[in-house]
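Each chain, letter by letter, is given below.
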Amino acid sequence: MKLSENTLHTDSELIKKLKKDDLEAFNQIFYNYSSKLYHFAYSYLKSKEEAEELVQDVFYKIWEKRKDIKEEFQFRSYLFSIAFNQIKKSFRSKALLNKYLASGQPDDSNSGMVNQDVNYSSLKSLVEKLVDAMPEKRREVFRKSRFEGKNAKEISAEMNLSQSTVENHLLQALNFLRKHLNEENMAGLLFFWLFLK
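Residues numbered from 1 in each chain as written. Predicted model: local features only at pLDDT ≥ 70, side-chain atom pairs only at ≥ 80, totals over all residues. Heavy atoms only, no water.

Draft legend 1. Broad picture of the overall build of the protein. Each helix and strand in the protein was counted, giving 10 helices and 0 strands. In the protein, the succession of helices and strands from N to C terminus is α-α-α-α-α-α-α-α-α-α. For the protein, with 197 residues in total, the buried portion stands at 39%. Relative to all contacts within the protein whose residues are 6 or more apart in sequence, the contacts with residues 24 or more apart total 62%. Taken as a whole, the protein presents about 11,700 Å² of accessible surface, with 49% of it coming from carbon and sulfur. (Helix = DSSP H or I, 4+ residues; strand = E, 2+ residues; numbered from the N terminus. Buried < 20%, exposed > 50% of the residue type's maximum accessible area, 1.4 Å probe, protein only. Contact = heavy atoms within 4.5 Å. Areas by Shrake-Rupley, 256 points an atom, 1.4 Å probe, with all protein chains shown as cover.)

Below is the structure:
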């Protein structure tokens, strides 16, 4: 059977089947989202192998937690939230923050992770507060782009906005975040570049 490319109004039905251990429904979900998820992961990780591995990990988690998925939730957002959390774990495991801080202060032997107590949770909370402070349409455009992995064309169709309007909202949202995170502290700016760029 040929899998369909049309995801419109099908997620809820697919999730119902998935919760009943329907492997065909799982394969359809994989077909619908694996490519978009790969490009989303690659935009952060810059590695084909790591992006492919992340996609496999995400779908493994989807199968593993299939009974717990809420049908009323937007599945796409749920899927990309899992991917986003995996990406953050990947960055942490590589100690990119340590390398960044060390390269900025090469002569300071106390510049490592031990003396840079960065609370990722509080930084994430700060970003979320800044996003919440944006005008409603800009906030929605930004969330669809950065947290759901949608491109400007998809957002334009969903929100009934021109593509140039969507791109303008994104540009203003990113400038707003960059400005406020830079004012907050360097760690906040780093968080922005690592996870939201």
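Draft legend 2. Highlighting the nonpolar core. Counting residues in each nonpolar core, the largest one holds 27 residues, and the members touching the most others are Ile29, Leu37, Val58, Phe59, Ile62, Phe75 and Leu79. Taken together, the elements giving at least two residues each to this core come down to helix H1 (11-18), helix H2 (23-45), helix H3 (48-64) and helix H4 (75-93). Sorting elements by how many residues they give to this core places H2 first, with 9 residues. Setting aside residues no more than four positions away along its own chain, Ile62 makes contact with Leu18, Phe26, Ile69, Phe75, Tyr78, Leu79 and Ile82. Val131, Met159, Leu161 and Ala173 belong to the second-largest nonpolar core, a separate cluster that totals 16 residues. (Core = buried A, V, L, I, M, F, W, Y, C linked by side-chain atoms within 4.5 Å.)

Draft legend 3. Fine view of unusual backbone geometry. A positive phi angle, close to 55 degrees, is found at Lys46, a residue other than glycine. Residue placement: Lys46 occurs in the loop between H2 and H3. With a relative accessible area of 60%, Lys46 lands in the exposed category. Residue Asn160 is not a glycine yet carries a positive backbone phi of 60 degrees. Since its relative accessible area comes to 70%, Asn160 is described here as exposed.

Draft legend 4. Structural detail: H1. Listed in full, the buried residues belonging to H1 are Asp11, Leu14, Ile15 and Leu18. What you see down the axis of H1 is that its buried residues fit within an arc of 100 degrees, all on one side. (Arc of directions from axis to C-beta.)

Draft legend 5. Geometry of the packing of aromatic side chains. Tallied over the full model, the rule gives 9 aromatic pairs. An angle of 70 degrees between the planes, with centres 6.3 Å apart, marks the rings of Tyr44 and Phe84 as edge-to-face. One end of the pair, Tyr44, is in helix H2; the other, Phe84, is in helix H4, with 40 residues separating them in the sequence. Relative accessible area serves as the criterion here: at 9%, Phe84 is assigned to the buried category. Here a set of aromatic residues connected by ring pairs shows up, and it is made of Phe26, Phe30, Phe59 and Trp63. (Phe/Tyr/Trp six-rings, centres within 6.5 Å; stacked < 30°, edge-to-face > 60°.)

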